[in-house]
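Below are the chains, spelled out letter by letter.
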Amino acid sequence: MIKFTKIIIALLSIFNLSNIGSLKAEEILRIGAIPDQNPEHLNRLYKVLSSELSEQLNLQVRYIPVTNYAAAVTAFRTGNLDLVWFGALTGVQARLQSKGSKVIAQRDIDEKFHSIFIANKKSSIQKINNINDLKTLKGKRFTFGSESSTSGRLMPQYFLNKAGVQSKDFKGASPGFSGSHDATLMLVQSGSYEAGALSEEVWKRNLDRGRVDPSKVFVIWKTPSYHNYHWLAQGNLDKKFKKGFTKELTNVFLRFNEKSKKQKQILGLFSTKKFIISKNENYNKIEKIGRKIGKIK
Amino acid sequence: MKLIKPVSTLLTLIPSIAYIPILIEIIKGFHIGGLNIIFLFISSAIKPSFNQEVVKSAWEGLQITIATALTSWVISMLIGILLGVLSTDLFWKSIPKFSYLGKFIKYSLAIPRSIHEVVWGLLFLQILGLNIWVAIISIVIPYSALTARVISEQLDSFDIQPLIAIKQTGSNFMSSFITILLPKLIPIVSTYGSYRFECAIRGVTLLGIFGLGGIGTELYLTLKSFEFNEMWTCLWMLWLVMILLEKFIRFSRSYLSENISLKNFFFISISIFSLSLSLGISWLYSLNFEIFNPLSFSYLNLPSFVEIRNGFNTLPLFKLIITTILITFFASGIAIGTPPLLIVLFPGKFSLKIQNLIWIFFRLIPPPLTTILILLFTNPNISVAALSLGITHMGVMGRLLTDNILNQEKSIYRAIKSNGSSKKSATLYGILAPQSNSYLAYGAYRSDVILKETAIIGAVGGVGLGWQLQESLSSFDWAQVIIIIATFSLLTISGEFLFNTSQNYWLKNSTNNFIS
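Residues numbered from 1 in each chain as written. Chains lettered and ligands numbered in written order. Predicted model: local features only at pLDDT ≥ 70, side-chain atom pairs only at ≥ 80, totals over all residues. Heavy atoms only, no water.

A. Expanded view of the overall build of chain A. For chain A, the helix and strand inventory stands at 12 helices and 11 strands. Overall, chain A is about 75 × 60 × 40 Å in size when its C-alpha atoms are taken along their principal axes. Counting only residues that meet the buried cut, chain A has 58% of its 297 residues in that class. Restricting to contacts in chain A with at least 6 residues of sequence separation, those with at least 24 account for 78%. Here chain A displays about 13100 Å² of accessible surface, and carbon together with sulfur accounts for 53% of that area. The distance from the centre of the 49 positive side-chain charges to the centre of the 24 negative ones in chain A is 4 Å. (Helix = DSSP H or I, 4+ residues; strand = E, 2+ residues; numbered from the N terminus. Buried < 20%, exposed > 50% of the residue type's maximum accessible area, 1.4 Å probe, protein only. Contact = heavy atoms within 4.5 Å. Areas by Shrake-Rupley, 256 points an atom, 1.4 Å probe, with all protein chains shown as cover. Lys, Arg positive; Asp, Glu negative; His and termini not counted. Charge placed at Lys NZ, Arg CZ, Asp CG, Glu CD.)

B. Molecular detail of the domain arrangement of chain A. All names here are of chain A. Each assigned domain of chain A is listed here: domain 1 (28-111 + 227-293) and domain 2 (115-222). Facing 23 residues of domain 1, the contacting portion of domain 2 comprises 19 residues. Of the roughly 1700 Å² buried at the junction of domain 1 and domain 2 (both faces included), carbon and sulfur atoms supply 54%. Summed over the shared surface of domain 1 and domain 2, the result is one salt bridge. The shortest N-O distance in the salt bridge between Glu201 and Arg107 comes to 3.0 Å. On the surface where domain 1 and domain 2 come into contact, there are six residue pairs in polar contact (both at pLDDT 80 or more). Breaking the side of domain 1 that touches domain 2 down by element, the ones donating at least two residues are α2 (39-57), α4 (88-97) and α12 (284-293). (Domains from an automatic or database assignment. Buried area = accessible area lost by both parts, 1.4 Å probe. Salt bridge = Lys/Arg side-chain N within 4 Å of Asp/Glu carboxyl O. Polar contact = N/O pair within 3.5 Å; in protein donor to acceptor, adjacent residues only side chain to side chain.)

C. Structural detail: the sheet that holds strand β4 (residues 102-107) of chain A. Residues and elements named next belong to chain A. Overall, mixed pairing links the six strands, which are arranged β2-β1-β3-β10-β4-β11 in an open sheet. Looking at the sheet topology across the chains shown, the edges are occupied by β2 (60-63) and β11 (275-277). When strand polarity is set aside, the average angle formed by the axes of neighbouring strands in this sheet is 25°. With three bridges connecting them, β4 and strand β10 (residues 230-233) associate as antiparallel partners. (Pairing = 2+ DSSP bridges. Axes fitted to C-alpha atoms, helices over the stretch in contact; angles between N-to-C directions.)

D. Structural view of the sheet that holds strand β6 (residues 142-144) of chain A. Residues and elements named next belong to chain A. Spatially, β7-β6-β8-β5-β9 is the arrangement adopted by the five strands of the open sheet, whose pairing is mixed. The open sheet terminates on both sides in strands that have one partner only, identified here as β7 (176-177) and β9 (217-222). When β6 meets β7, the two strands line up parallel, connected through two bridges. Residue pairing in the sheet places Phe144 in a bridge with Phe177 of β7.

E. Representation of the packing of aromatic side chains within the structure. A full pass over the atoms with the stated rule returns 42 aromatic pairs over all chains. Through pairs of rings, three or more aromatic residues link up here, namely Tyr46, Tyr63, Trp85, Phe113, Tyr226, Tyr229, Trp231, Phe253, Phe256, Phe270 and Phe275 of chain A. In this structure, Arg196 of chain B is placed above the aromatic ring of Tyr143 of chain B, and the distance from its NZ or CZ to the ring centre is 4.3 Å. (Phe/Tyr/Trp six-rings, centres within 6.5 Å; stacked < 30°, edge-to-face > 60°. Lys NZ or Arg CZ within 6 Å of the ring centre and 35° of its normal.)

F. Just unusual backbone geometry, in detail. Its identity is not glycine, yet Asn58 of chain A carries a phi of approximately 60°, on the positive side. Structurally, Asn58 of chain A is set in the loop between α2 and β2. Positive phi values are uncommon outside glycine, yet Phe476 of chain B reaches one of about 55°. Along the polypeptide, Phe476 of chain B turns up in the loop between α22 (464-474) and α23 (478-508).

G. Main features of the domain arrangement of chain B. All names here are of chain B. When cut into domains, chain B gives domain 1 (4-30 + 318-444 + 493-508) and domain 2 (48-286). The C-alpha centroid of domain 2 is placed 25 Å from the C-alpha centroid of domain 1. Residue-level contacts link 21 residues of domain 1 with 27 residues of domain 2. Roughly 2000 Å² of surface becomes buried between domain 1 and domain 2 when both sides are summed, with 71% attributable to carbon and sulfur atoms.

H. Inspection of the interface of chain B and chain A at higher detail. Facing the 47 residues of chain B at the interface are 49 residues of chain A. The contact between chain B and chain A buries some 4100 Å² in all, and 58% of this surface belongs to carbon and sulfur atoms. In this structure, the salt-bridge partner of Arg153 of chain A is Glu471 of chain B, at a minimum N-O distance of 3.1 Å. Across the contact surface, chain B and chain A share 11 residue pairs in polar contact (both at pLDDT 80 or more). When residues of the side of chain B that touches chain A are traced back to their parent elements, those giving at least two are α3 (35-43), α8 (117-128), α11 (173-212), α12 (215-224), α14 (262-286) and α22 of chain B. Sort the elements by how many residues they give to the side of chain B that touches chain A and α14 of chain B lands first, with 10 residues. For the side of chain B that touches chain A, the per-class residue count stands at 23 nonpolar, 19 polar and five charged. (Nonpolar A, V, L, I, M, F, W, Y, C, P; charged D, E, K, R; others polar.)

Right, dumping it as structure tokens:
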């Protein structure tokens, strides 16, 4: 009996090992995104986008999901991702760590992006008109989104500091970090936090989908505009795929329009009408603020 | 009547005093805002999602986790056994000239095991990028060092007279070493090995929460997007698989130990290792991981001396260390104190069996998830971190205690009860007392594990060194990262020494013994 078992185990091991062949790797364009929204939204969006890019560029495109903002930056630096949809801050962090990488495009709304501050109706917080009134948030339970989010942390924190509100002024001596914009909305709406800051785009999309309950949560303030999300491409794509590839890739994004059914769906999921060209220099101000707040060294 | 017994029995209950300050702090920050979500979370437990997509992705996540755990478990066992033997005093008796090498290996292994697997994971992610090997390596490093320690301690505690006797007959040292030690090594490997496999599954699940894939990632993403029904699908599936796996391991261990000679046991161990390794690797391969692609390193710019000095000046290190120690202290109190308290409060065999099942469940919920949930109705503070760490480890402690009690002789209990004592005091003296010393010894070891895990809990809970590590990592400030990890390492090495001393103290007085 034992002998038999041994033989079987030995055979199984050999069978297993022999089964492992090696696969020829072909060049794949790996795209990614910071996980700023619910994963099912991202999965739907990037599935369509990958298939469209694959068709337009005539190569295999794979979407690689990551669980937090810093991991997206790391994956870009280590070369696991060729093209990433970054927020302004993570984009700058990634660009400073990957020589030659290049901002290629952004949406029309990213030129003039806003964060909004929201509050729970049951809190005593009122709508404010002047940035200095952000002081009323002192002593409240307040949450940001991800710690590396531009519209969910960096810019809100920048404006809060401008109004004289520091992180330690919130209840519990520190703000919360919900991890994503959708989570911030959910937490403020349910009352876990009395107030929070998130991207205007995500707020609007949730309004459209009826996921905002106006009897529970409302907007108290909208920030001045700044540059936000963008596509950041590795500097070596022309070498890796073919000459002029980065240019071709950029053009594919710029050509997206609502005439094609698939492209219309993509633009819809990105909450935009079209992509426009963008460049590294658009993010100089973000870099400065990032350094000031300590998120960029 | 030995006096030590009631004293250490009470000592098992005393740690639960930790609840008082913790509950006070949590209640102080309590607000009803998050209750809706908590209610939703609990009610979703009985209606997990059976959506085909959800079940499919949970199943895939589970496979990734188990396959990764299996692969890293085998590798860490093999390396651990080798290093374990190499760090025994016994082994170097044959080559006394180099015995300092043994000591060197033994003490330098303190460093790899002082750092939690998730921290290793976050570091290797920076160097190797998104790659399944990051998860494997991060488990293998601390686990091999831990296994090595257990193996060498156990081997060195054996009587070496037979070895000397055999050696004096003039036989080759190596072969006598193997003849004598192998039979002793095997039971340790078999008990400790199966325990480590379970740990590996928990470890890989945790790594998943920090973005390295598998069921942990599924759990984290579903919780973060408040899809509780989907989260429960993952959690129930994980629970089921863990129970089945445990039953399977127990069955095969008892089958093997009853039916097989030591020599065969050796061959079976070897084949289990080789089978697990090939199964793990081919499984990962079939899950589309590029496990055979060469690793590509991307180097970091190491910080300069000035940057490190600046890091020291900007980090509130003292406060961070105190916070970390407090979290460990309170979490250990909850973990060690709760299970005995429940046994005394709810005695009886049926109640014990229920508790046993509940503990398996608590043990499975990764602490960061508990933290996220507790944070819904209170402010981030030390107590939240302590409570969530305490809950998971309470599961580990409770499971062990109830298991041991269910297997123990009932004669003392019956004797005390037939003298007319109440059920509760009979439980206290007849059931808990014989377990206390070994339980406390194990508790000391748990505290050591808890200290290491504060690294990951703080990251979510917003407190302690763990939080600072996350913040510095996401700012890509390598000087700070190095300082924090070095501090952590020093803290856990001193912790290990301290807990080890108290563990030995309790083991000395222990009536029954369990390794881990």
